[in-house]
Structures are given as C-alpha cells and as structure tokens.
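Below, each chain spelled out in residue letters.
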Amino acid sequence: MQISEAEFVVMKVVWKSDRPLGSREIISALEETEDWKPKTVQTLISRLVQKEALGFSAEGRNYLYHAKVSENDCLEELSHSFLERFFGGALRPMLSHFAGSKRLSAEEAALLRKLLEKGRE
C-alpha cells in the first residue's frame, strides 16, 4: 500500500490513540501541527479508508476510525519504497550516501555497525 506523506501524518494521529477516533478528533489533533482545512483532512481519511489503512465503525451518525495497519508495517513498506525509488533497491548506495553526506558520531557509527551485524544473522 502506498500512502502519501500527508496521509502518513493522519495515520500518526490514529496510531497515537489508544482508542478509535472520530474525524473531529483527528481534525482537532492536526490543527496543532498542520495548516489544513477540515475538508482536506476528511479527504485524507477517505483515501486511507479506500486504501484499507484505516477501518471504521459507525456510532450513531459518527464514524470512529482505527488503524488497520501497524505503524511498524507501514514504516517498513515506506522504507522499501524509498530504497527502491531512490537507490534502485540497493542498500549499499543508500548507506554510502547517508554515511558520506553527514558526519556520523561515534554513537551513530556504533549503532550502524550493530544493525549491520544483526542484519547478517
């Protein structure tokens, strides 16, 4: 499933909640960080329902939305998509790019080594 950056922002609001949210609650949460009109958020919610990233249940005249995909699964898919789109699916050029474009701290380098070792297992 491909979700846009804006859709991902909506998903983060839903993932943070420990219960299903109404569209007004989602809109209210996004007013703090985004300059979006309520209609825009409604459109994003509708797209996420169509993509089956969000599910809903009717409660009277209101719909309550819940995540149908985990944040981790979504991040994994976005990571693979990013890798494929920008680096032809190859991990080496991506690592070279990021390691070469920014000086890594000793802590970051140690973490990277640890992750690479774990990936070998």
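Residues numbered from 1 in each chain as written. Predicted model: local features only at pLDDT ≥ 70, side-chain atom pairs only at ≥ 80, totals over all residues. Heavy atoms only, no water.

## Topic: the confidence of the model for the protein
Inclusion rule: The pLDDT value tells you how sure the predictor is about a given residue, anywhere from 0 up to 100. We count a stretch as a helix when DSSP gives it H or I for four or more residues in a row; a strand needs E for two or more, and each element gets its number in order from the N terminus.
A residue-level look at the protein finds 98% of positions with pLDDT of 70 or above and a mean pLDDT of 90. By mean pLDDT, helix 5 (residues 91-101) is the weakest element of the protein at 80, and helix 3 (residues 38-50) is the strongest at 97.

## A short note on the pattern of salt bridges
Where we set the bar: Any carboxyl oxygen of Asp or Glu within 4 Å of a side-chain nitrogen of Lys or Arg constitutes a salt bridge here. The buried label goes to any residue with under 20% of its type's maximum accessible area, the exposed label to any with over 50%, and the partly exposed label to all in between, with areas taken from a 1.4 Å probe on protein chains only.
For the structure shown, the criterion picks out two salt bridges. A salt bridge links glutamate 7 to lysine 51; the nearest nitrogen and oxygen atoms lie 2.8 Å apart. Taken together, the positions of glutamate 7 in helix 1 (residues 5-16) and lysine 51 in the loop between helix 3 and strand 2 (54-59) put the pair 44 residues apart, joining distant regions of the chain. Classification of glutamate 7 by relative accessible area gives buried; the value is 1%. Two residues, arginine 19 and glutamate 25, come together in a salt bridge whose shortest N-O distance is 2.5 Å. According to the relative accessible area criterion, arginine 19 is partly exposed, its value standing at 45%.

## Side note on the packing of aromatic side chains
We count it as follows: Between rings of Phe, Tyr and Trp, where Trp is taken as its six-membered ring, a pair exists when centres lie within 6.5 Å; planes separated by under 30 degrees are stacked, by over 60 edge-to-face, and by other angles tilted.
Evaluated as defined, the whole model comprises five aromatic pairs. Relative to phenylalanine 86, the ring of phenylalanine 82 lies with its centre 5.0 Å away and its plane at 45 degrees, an arrangement referred to as tilted. You can see phenylalanine 82 and its partner phenylalanine 86 sitting in helix 4 (residues 71-87), four residues apart, about one turn around the helix. A relative accessible area of 52% places phenylalanine 86 in the exposed class. A connected cluster of aromatic rings, assembled from ring pairs, spans Phe56, Tyr63 and Tyr65.

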